[in-house]
Amino acid sequence: MIKKHFFPVFIAVFAIFTAFAQSPTSALVPMVNHCEISAKVKPYCIDAKQGKIFFADSSLLLSAQDLSLSIKETMGIAIEVTDKAEKSTIRLSIDTTLDGKERYRIDVSKKGIQIVGATPAAVWWAVQTFHQILLGDVKNTALHQVAALHIDDAPRFAYRALMLDPARHFLPVADVKKFIDEMAHFKYNVLQLHLTDDQGWRMEIKKHPSLASKQHYTQEQLRDLIEYARQRHIMVVPEVDVPGHTVAILSAYPELSCQHLVDAEKVVGRIEQMMLCASQPKVYDVLTDVIEEIAQTFDAPYIHLGGDESAIDKNWAHCDRCKQMMKDHGYTDISQLMIPFFSKVLGEVKKVGKKPILWCELNNIWPPADKYLFPYPQDVTLVTWRNALTPTCLSLTAQSGNPIIMAPGEHAYLDYPQYKNDLPEFKNWGMPITTLQKTYELDPAYGGTPQDSRHILGVMGTLWGEAIPDINRATYMAFPRALALAEAGWTEMKYRSWDSFKQRIYPNLNRMMKSGISFRVPYEIEQK
C-alpha cells in the first residue's frame, strides 16, 4: 500500500520549494553545464507592449510558440511571435558555428533575451531550459522579469531515451503524445516503442494483416506520431523483438515455430517462451516484409530487433531441423544458431538503409559472464540491461567496437518499484526496488574517462508494460525517476549533485501536477 500520509508530505515538500526557489537554476533539470548569473546587472522586464519573440528561421516557429506559451503560463503575459526582427527583444536564431548539434546559448540582459542554437533541436532545448528558469526563479517571474545570465550548454551524451511498451498493454496515440510532451521538457530525444511481444503485435503490416492484434497502430497513425515527435526533436525508434518473445507472430503463423511446437497451443498473452524457428525459411520471408514496412514507416536510422531472453533450450534444442542446421554449420552449441539467424535478419536491415540495435546478451544471465551469447557484428548497437552485467557489457563493447546504450536494470528499469510496498501491485515477480536516488546515482560511463566512454551513445529508461495498463501508470512509474535519468544523460558529473537535484525537481513536479500528469511523490527524500 502507498503511505496514506503522502498528501500532507507533498504539501510540505512544496512549501520547502517556495521557501528556497529564488534562483534561475532552482528548477533546471537536467542541470546545465555552464551558467553565469549577473546579480549586478538589471534583469530583463517582459512587456507584451514593448517586445515580441522573433524567430530567424521557419524551423524555429514551434520553439518560438512554445516560448510564448511558457511566458503565458508562468507570467500571464501574451507575447506575440513574429518572423520580423523589428521591435523584437526576444530573439531565437541558429548559429552553425557552435560545436555540437545540440549546443545552445542563452543570454539575458536588461535589453533583451538572445537564444542561439547550433540546430533547431538545440534551440528547442534552450527553450525548455528557459521555461524552467521561469518556473524556478519565482520572485523574478512574479515581477515579470528574468535575471541577467549567460548559459552555454550541450549534452554529455547524444542519445537520451525512454521506452514505452504498448505490446503488453496498448497505449492510444493521444496518450503517447502526452508522454512525448513530458519527455521534451527534460531534453529526452529518443522514444523507443516496444511494438511486439508475446502479449501483442501492435503495428499494421500490410503484407501480413493477420499479424496485428485487435488494438494496434495503423501505419498512418504511426507516421502521425512520428511527425509529432519530430517537431519536438524526438526520434521514434521501433522495436520488433525476435527470435524470442514471439507468441503474437506464432499465433498468426504457427508454421514459423520449431517442428515440435507447430501444433502447440499459442494463446497471445498466456503462452510464453516460444521462438521463431531458425531453420524455417518462411521465418525470414515474413521478417523481410516486416522490416521493409517498418523502414517505410519510421524515419529513424535505427530498428531495434530485440534478441533477448530467447528460450533456446525449449525451442531450437528440441527441433530436429534446427539440430541438423547446427551440424551443417559445424556448430557445437545450439545457441550458435543465433549467428545465421541474425546474419540474415540484420542483412535485411542494412538493405533498407537502417542500423540495427539489439539487447546485449552474454554467456550467462548473471555473473560470472565473460563473453557475448554470440559474436555481434561490429555495426550493431547493443543495449546493456541485465542487473550486475553492465560492467561486463561495457568492457566487451569497448573491445569489440560495438556502440552501446546504457539501460542498466539497477538504475534505468523504471517499471521496478520506486520504494518499499509501492506499485506495481500486480505482475510483480519480486522486482528489485529502484529508488529515485538509485536512478540518480547512475554514471553512464561507470567512472570511465571520456576516452573509455567514446562508444557510449547515451542512456535509456525502460517502462516494460506487464504491470503498466495505461498512460497514467506509465507516467507514475516514470516520474520523477526519469528526471534523474535525464540529468545522467545530459549533465557532466562535476555539475551533478543529489542534494541540489532533490530541490530542483519540486517546481517541475508542481508544473506536472497542475497539468494533470500522474507521478509518484518522493516523500522519502525529505525524511530525516
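Scroll up for the structure.
First things first, this report covers the structure right here in the doc.

What counts, and at which threshold
- Residues numbered from 1 in each chain as written.
- Predicted model: local features only at pLDDT ≥ 70, side-chain atom pairs only at ≥ 80, totals over all residues.
- Heavy atoms only, no water.
- Helix = DSSP H or I, 4+ residues; strand = E, 2+ residues; numbered from the N terminus.
- Rg over C-alpha atoms; globule rule 2.2 N^0.38 Å.
- Buried < 20%, exposed > 50% of the residue type's maximum accessible area, 1.4 Å probe, protein only.
- Contact = heavy atoms within 4.5 Å.
- Areas by Shrake-Rupley, 256 points an atom, 1.4 Å probe, with all protein chains shown as cover.
- Lys, Arg positive; Asp, Glu negative; His and termini not counted.
- Charge placed at Lys NZ, Arg CZ, Asp CG, Glu CD.
- Pairing = 2+ DSSP bridges.
- Polar contact = N/O pair within 3.5 Å; in protein donor to acceptor, adjacent residues only side chain to side chain.
- Axes fitted to C-alpha atoms, helices over the stretch in contact; angles between N-to-C directions.
- Parallel < 35°, antiparallel > 145°, perpendicular 65-115°, else oblique.
- Salt bridge = Lys/Arg side-chain N within 4 Å of Asp/Glu carboxyl O.
- Core = buried A, V, L, I, M, F, W, Y, C linked by side-chain atoms within 4.5 Å.

## Focus: the overall build of the protein
Here is step 1: Each helix and strand in the protein was counted, giving 16 helices and 19 strands.
Here is step 2: Relative to the globule expectation of 24 Å for 528 residues, the C-alpha radius of gyration of the protein, 24 Å, shows essentially globular dimensions.
Here is step 3: Structurally, the protein occupies a C-alpha span of about 80 × 50 × 45 Å along its principal axes.
Here is step 4: With 528 residues in all, the protein has 58% of them scored as buried.
Here is step 5: Here the analysis covers contacts within the protein between residues at least 6 apart in sequence; of these, 74% occur between residues at least 24 apart.
Here is step 6: As presented, the protein carries roughly 21,500 Å² of accessible surface, and 52% of it is formed by carbon and sulfur atoms.
Here is step 7: Where the 57 positive side-chain charges of the protein centre and where its 60 negative ones centre are 5 Å apart.

## Here's the deal with the pairing of strand β14 (residues 235-242)
Here is step 1: When you tally the buried positions in β14, you get seven out of eight residues, the bulk of the element.
Here is step 2: Bridge count for strand β11 (residues 190-194) against β14 is five bridges, and the pairing is parallel. Residue Val190 lies in a different strand from β14, and its bridge partner there is Met235.

## Focus on the side chain of Asp197
Here is step 1: The topology assignment puts Asp197 in strand β12 (residues 196-197).
Here is step 2: Polar contacts involving the side chain of Asp197 include one to the side chain of Arg168, which spans 3.3 Å.
Here is step 3: Apart from residues no more than four positions distant in its own chain, Asp197 is found in contact with Ala167, Arg168, Asp241, His245 and Ala248.

## A short note on the packing of helix α3 (residues 120-136) against helix α16 (residues 498-514)
Here is step 1: For the pair α3 and α16, the least separation of the axes is 9 Å and the interaxial angle reads 95°. Taken together, the axes of α3 and α16 are roughly perpendicular relative to one another. Contacts from His131, Gln132 and Leu135 in α3 reach Pro507, Asn508 and Arg511 in α16.

## Focus: the pairing of strand β9 (residues 149-153)
Two faces, one strand: in a regular strand the side chains alternate between the faces of the sheet.
Here is step 1: Counting buried positions along β9 yields four of five residues, so the element is predominantly enclosed.
Here is step 2: The sheet contact formed by strand β1 (residues 35-37) and β9 spans three bridges and is antiparallel. Directly across from Glu36, in β9, lies its bridge partner His150.
Here is step 3: Here strand β6 (residues 104-109) pairs with β9 via five bridges, running antiparallel. When the bridges of β9 are listed, Asp107 appears paired with His150.

## Considerations on the side chain of Asp241
Here is step 1: Within the fold, Asp241 resides in strand β14.
Here is step 2: Buried charge Asp241 goes without a salt bridge, the closest partner of opposite sign being Arg168 at 6.6 Å.
Here is step 3: Once you skip the residues sitting within four places of it in the chain, Asp241 turns out to touch His194, Thr196, Asp197, Thr246, Leu305, Gly306, Gly307 and Asp308.

## Regarding the environment of Asn428
Here is step 1: With respect to the secondary-structure elements, Asn428 resides in the loop between α12 (409-412) and α13 (436-440).
Here is step 2: Placed 56 residues apart in sequence, Asn428 and Ala484 show a C-alpha to C-alpha distance of 23 Å.
Here is step 3: For Asn428, the side chain forms a polar contact with the main-chain nitrogen of Met431, separated by 2.9 Å.

## A word on the nonpolar core
Here is step 1: Counting 151 residues, the largest nonpolar core has Ile71, Leu92, Phe179, Trp316 and Phe341 as the members making the most contacts within it.
Here is step 2: The dominant element in this core, judged by the number of residues it contributes, is α3, at 10 residues.
Here is step 3: The residues touching Leu92, leaving out its near neighbours within four places in the chain, are Ile53, Phe54, Phe55, Ala56, Leu60, Ser63, Ala64, Leu67, Ile115, Val123 and Val127.
Here is step 4: Membership of the second largest hydrophobic core comes to 18 residues, among which are Val190, Ala300, Trp359 and Ala407.

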